[in-house]
Amino acid sequence: MIWQDAYFLWLLLVIPLLAGGLWWYFQRLREKRKQFFSDDLFESLRIGFWRTGDRLKTVTLLVGLSFLVLAIAGPKVGTQVREVKRQGVDLLIALDLSDSMNAEDVKPSRLEKAKYEITRLIERLKGDRVGLIVFTGDAYLQSPMTLDYSALRLFLNIAETDQMPSSSTDFSAPMDVALRAFDSLDEEQNQSNAAKVMLIISDGENHGAGYSDALNSLVENNISVYTLGIGTRSGSTIPQYNSDTGSLIGYKRDQSGKLVTTRLQPETLRDIANQGEGEYYSIESGSDGIDSFLGRIDELEQGEFASQEYADFKNQYQLMAGIALGFIFISLLLPKYRKESKS
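As the structure is a prediction and not an experimental result, all values here were calculated from the model. (Residues numbered from 1 in each chain as written. Predicted model: local features only at pLDDT ≥ 70, side-chain atom pairs only at ≥ 80, totals over all residues. Heavy atoms only, no water.)

Peer 1: What's the story with the overall build of the chain in this structure? I'm lost.
Peer 2: Looking only at helices and strands, the chain has 11 helices and 13 strands in total. Here the chain, with 343 residues, has 40% of them falling under the buried criterion. The long-range fraction of contacts in the chain, counting pairs at least 24 apart against all pairs at least 6 apart in sequence, stands at 82%. (Helix = DSSP H or I, 4+ residues; strand = E, 2+ residues; numbered from the N terminus. Buried < 20%, exposed > 50% of the residue type's maximum accessible area, 1.4 Å probe, protein only. Contact = heavy atoms within 4.5 Å.)

Shown next, in the form of structure tokens:
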């Protein structure tokens, strides 16, 4: 037996204290009564008093209160088997880590805002299997497809622009990695009828040769590609910070020494979403979020990813409560007086 709220068992200590208090009260009452009546006279005045019944009322009341405390503590006896199913979609998030994602036209920066919105997305998912790709000119599977959202958040937190060997952006790279990631799911997982979705989060700047072939491969494998543009059309410079102190040391410049201004380029992202049979969303201010995409996820076909059986102790508080109410009811019904039989 285990207890759901074992700390309530401390209330059992009140029962003997209550019994002792009642005994002390009646002893004091008897001492005061002796000042006016002898015991024999007092008994003769209480015609029909049933001493045994009076004691049984007190005992049954205390027993009832004891069982009531046990019921409140939540006794669990035996086991019951519960099946828990997790259903959702297969989702791969591709996060752009190019230098332009450090721009601060969306506060606190494009990258930090993107990570914040991904975290919000993860917190609101219900059974969806999620993975994370980071990319610039190259792409890496930062976190494989998982139901462990805590682990995914850890991989997301360490994603920074300086971890990538290239600072340019090539959208075909994360598409190729995504295709391999979906193909790597084992046969049992691929039998799920869950929708397969890729979400690309970027400011839209593309320096690659082209992405049509990679995108067509995803569509042919029933993988929908959605895009989320982050940044403003007016654009911003790209701040550069000291990696040790975190202080601002300047702004990124091109080879001729001119300040680089990066702008949201939604055309590329819209084209990817259209060809990828998905939709395009945007975050152009701090108040914008990923909610529209999350609403779309809820509409997609979901498959069963995990079905687990859990053995749990069966709650038996009802039995204890029933016994408690029974003793209390008996205590209320027991008489203290009864008719004396005529001799």
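Peer 1: Explanation requested: the side chain of S98 in the structure shown.
Peer 2: As for its position among the elements, S98 is in the loop between β3 (90-96) and α4 (110-124). Other than its neighbours up to four places away in sequence, S98 contacts F135, T136, T161, S167, S168 and T169.

Peer 1: Explain the packing of aromatic side chains here, please?
Peer 2: Any aromatic ring pair is given by two values, namely how distant the centres are and how the planes are angled relative to each other. Counted by the stated rule, this structure contains seven aromatic pairs. Measuring from centroid to centroid gives 5.4 Å for Y25 and F26, while their planes differ by 65 degrees, and the two rings are edge-to-face. With a relative accessible area of 45%, Y25 lands in the partly exposed category. With centroids separated by 6.5 Å and ring planes inclined at 90 degrees, the aromatic side chains of F171 and Y211 adopt a geometry described as edge-to-face. Within this pair, whereas F171 is found in the loop between α5 (149-157) and α6 (172-183), its partner Y211 is found in the loop between β6 (196-202) and α8 (212-220), the two being separated by 40 residues in sequence. For Y211, a relative accessible area of 11% gives the class buried. (Phe/Tyr/Trp six-rings, centres within 6.5 Å; stacked < 30°, edge-to-face > 60°.)

Peer 1: Is there a simple way to explain the sheet that holds strand β7 (residues 223-230) in this structure?
Peer 2: The strands that make up a sheet pair up through hydrogen bonds in the backbone, lying either parallel or antiparallel. Reading across the sheet, the six strands line up as β5-β4-β3-β6-β7-β12 and stay open at both edges, with mixed pairing between neighbours. Strands at the two margins of the open sheet, each flanked by one partner only, are β5 (139-146) and β12 (280-283). Between one strand axis and the next, the sheet turns by 20 degrees as a mean value, whatever way the strands run. Bridge count between β7 and β12: four bridges; the pairing is parallel. Within β12, the residue paired with L228 across the bridge is Y281. Packing against the sheet, helix α9 (residues 266-275) makes contact with β6, β7 and β12, and its axis sits at approximately 165 degrees to β7. (Pairing = 2+ DSSP bridges. Axes fitted to C-alpha atoms, helices over the stretch in contact; angles between N-to-C directions.)

Peer 1: How do you make sense of the pairing of β6 when you look at a structure like this?
Peer 2: Residues in a regular strand project their side chains so that they alternate between the two faces of the sheet. Most of β6 sits out of view: seven of its seven residues are buried. On β6, burial covers both faces: K196, M198, I200 and S202 on one face and V197, L199 and I201 on the other are all buried. In this sheet, β6 lies alongside β3 in parallel orientation, the contact comprising six bridges. When the sheet's bridge partners are listed, I93 is paired in β6 with L199. Of the pairings in the sheet, the one linking β6 to β7 comprises seven bridges and is parallel in character. Note on β7: the bridge partner recorded for I200 is T227.

Peer 1: Explanation requested: the pattern of salt bridges in the structure shown.
Peer 2: In a structure, side chains of opposite charge can pair up when their charged atoms sit close to one another. Enumeration according to the criterion identifies 11 salt bridges in this entry. A salt bridge links D203 to R110, with the nearest nitrogen and oxygen atoms 2.9 Å apart. One end of the pair, D203, is in the loop between β6 and α8; the other, R110, is in helix α4, with 93 residues separating them in the sequence. Residue D203 is classed as buried on the basis of its relative accessible area, which comes to 0%. Judged by its relative accessible area of 0%, R110 is buried. Across the salt bridge formed by E160 and K115, the nearest N and O atoms sit 3.2 Å from each other. Linking E160 in the loop between α5 and α6 with K115 in helix α4, this pair joins segments that are 45 residues apart in sequence. Residue K115 is classed as buried on the basis of its relative accessible area of 7%. (Salt bridge = Lys/Arg side-chain N within 4 Å of Asp/Glu carboxyl O.)

Peer 1: Would you mind showing me how to read the packing of α6 against α8 here?
Peer 2: Axes are the key here: two packed helices are described by the angle between their axes and the distance separating the axes. It is at 8 Å that the axes of α6 and α8 come closest, and there the two elements cross at 30 degrees. Considering their axes alone, α6 and α8 lie roughly parallel with respect to each other. Handedness of the α6/α8 crossing: left-handed. Here S172, M175, D176, A178 and L179 of α6 lie close against α8, whose contacting residues are A214, L215, S217 and L218. Counted by class, the contact of α6 with α8 contains six nonpolar, two polar and one charged residues. (Parallel < 35°, antiparallel > 145°, perpendicular 65-115°, else oblique. Left-handed = near helix turned anticlockwise from the far one by under 90°. Nonpolar A, V, L, I, M, F, W, Y, C, P; charged D, E, K, R; others polar.)

Peer 1: Honestly, the confidence of the model for the chain in this entry has me stumped. Any pointers?
Peer 2: Do not read the fine detail of predicted coordinates wherever pLDDT is low. Summing up the model confidence of the chain, the mean pLDDT is 84 and the portion of residues at 70 or higher is 87%. With pLDDT under 50 throughout, residues 303-310 is counted as low confidence; its partners more than four residues away or in other chains account for 38 contacts. (pLDDT = per-residue confidence, 0-100.)

Peer 1: What is the right way to read the environment of L154 from this model?
Peer 2: Residue position: L154 is located in helix α5. C-alpha separation for the pair L154 and S143, spaced 11 residues apart in sequence, amounts to 9.4 Å.

Peer 1: Mind showing me how you'd approach the packing of α4 against helix α10 (residues 291-299) here?
Peer 2: At a closest axis distance of 10 Å, the pairing of α4 and α10 adopts a crossing angle of 30 degrees. The angle between α4 and α10 falls in the class roughly parallel. Like other packed secondary-structure pairs, α4 and α10 cross with a definite hand, here right-handed. Residues R120, L121 and R124 of α4 pack against D291, F293 and L294 of α10. Residue composition of the contact of α4 with α10, grouped by class: three nonpolar, no polar and three charged.

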